[in-house]
Amino acid sequence: MPDGFVSGAFSLKKTALLAALGAVCLAHGASAGEERAERVRGYFCEAKADQIAFLNFKARGETEVMAANAVNKGNARMSCAPYLPLMAIPGKEQTVMEGGLVYKLQSFTFLPDKVERWSGTVLGSLQQAAHDQDI
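K.L.:
Please give an account of the state of the cysteines that cites residues and values.
P.N.:
In the structure shown here, the tally under the stated rule is one disulfide. Through a disulfide, C45 is tied to C80; the S-S separation comes to 2.0 Å. One disulfide, between C45 and C80, carries an S-S torsion of 110° and so falls in the right-handed class. Taken as a pair, C45 in strand β1 (residues 38–45) and C80 in strand β2 (residues 80–98) lie far apart in primary sequence, 35 residues in all. In this pair, the class of C45 matches that of C80, namely buried.

K.L.:
Give a detailed account of the pattern of salt bridges, specifying residues and quantitative values.
P.N.:
If charged atoms from side chains of opposite charge come close, those side chains can pair. Per the counting criterion, the structure on display carries five salt bridges. Linking K58 and E64 is a salt bridge whose minimum nitrogen-to-oxygen distance equals 3.5 Å. Classification of K58 as partly exposed rests on a relative accessible area of 33%. E93 is the salt-bridge partner of K104, the closest N and O atoms lying 3.9 Å from each other. Taken together, the residues K104 in strand β3 (residues 101–110) and E93 in strand β2 connect sequence positions 11 residues apart.

K.L.:
Mind laying out the confidence of the model for the protein chain, listing which residues take part and the relevant values?
P.N.:
Considering every residue of the protein chain, the mean pLDDT works out to 79; 67% of them sit at 70 or more. Here helix α1 (residues 3–30) stands out as the least confident element of the protein chain, with mean pLDDT 45; helix α4 (residues 64–75) is the most confident, with 97. In the predicted structure, residues 15–33 sits below a pLDDT of 50 and forms two contacts with residues beyond four places in sequence or in another chain.

Rules used throughout
- Residues numbered from 1 in each chain as written.
- Predicted model: local features only at pLDDT ≥ 70, side-chain atom pairs only at ≥ 80, totals over all residues.
- Heavy atoms only, no water.
- Disulfide = S-S within 2.5 Å.
- Helix = DSSP H or I, 4+ residues; strand = E, 2+ residues; numbered from the N terminus.
- Buried < 20%, exposed > 50% of the residue type's maximum accessible area, 1.4 Å probe, protein only.
- Salt bridge = Lys/Arg side-chain N within 4 Å of Asp/Glu carboxyl O.
- pLDDT = per-residue confidence, 0-100.
- Contact = heavy atoms within 4.5 Å.

Shown next as structure tokens:
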């Protein structure tokens, strides 16, 4: 066999190996966001403001179902809803103070649709009770 044929075959194998390695790297890069994904569940709202309203109703003693219904009725559309365990990528986390309450909010991007929804909790109140104030 001629020397060029052997080196040509080696070159083809090398090229195929590099192409396969490149495909694996691209696939890994495409799924990098999915690796950060975690399983979440609970009540999520489309907008951050809707999540704050939802948490405000809960802070006043409403159940999650009643709070979601109140927000949805006020918006005249479905914004807050319970989500069964789904895969989502955690996003922005924010602390917001509004109406004397402190909220911790976090966005999640739900897969595979890649839609953003907000979740959160009430951390506490900045208001002092009347019996704690000096007169």
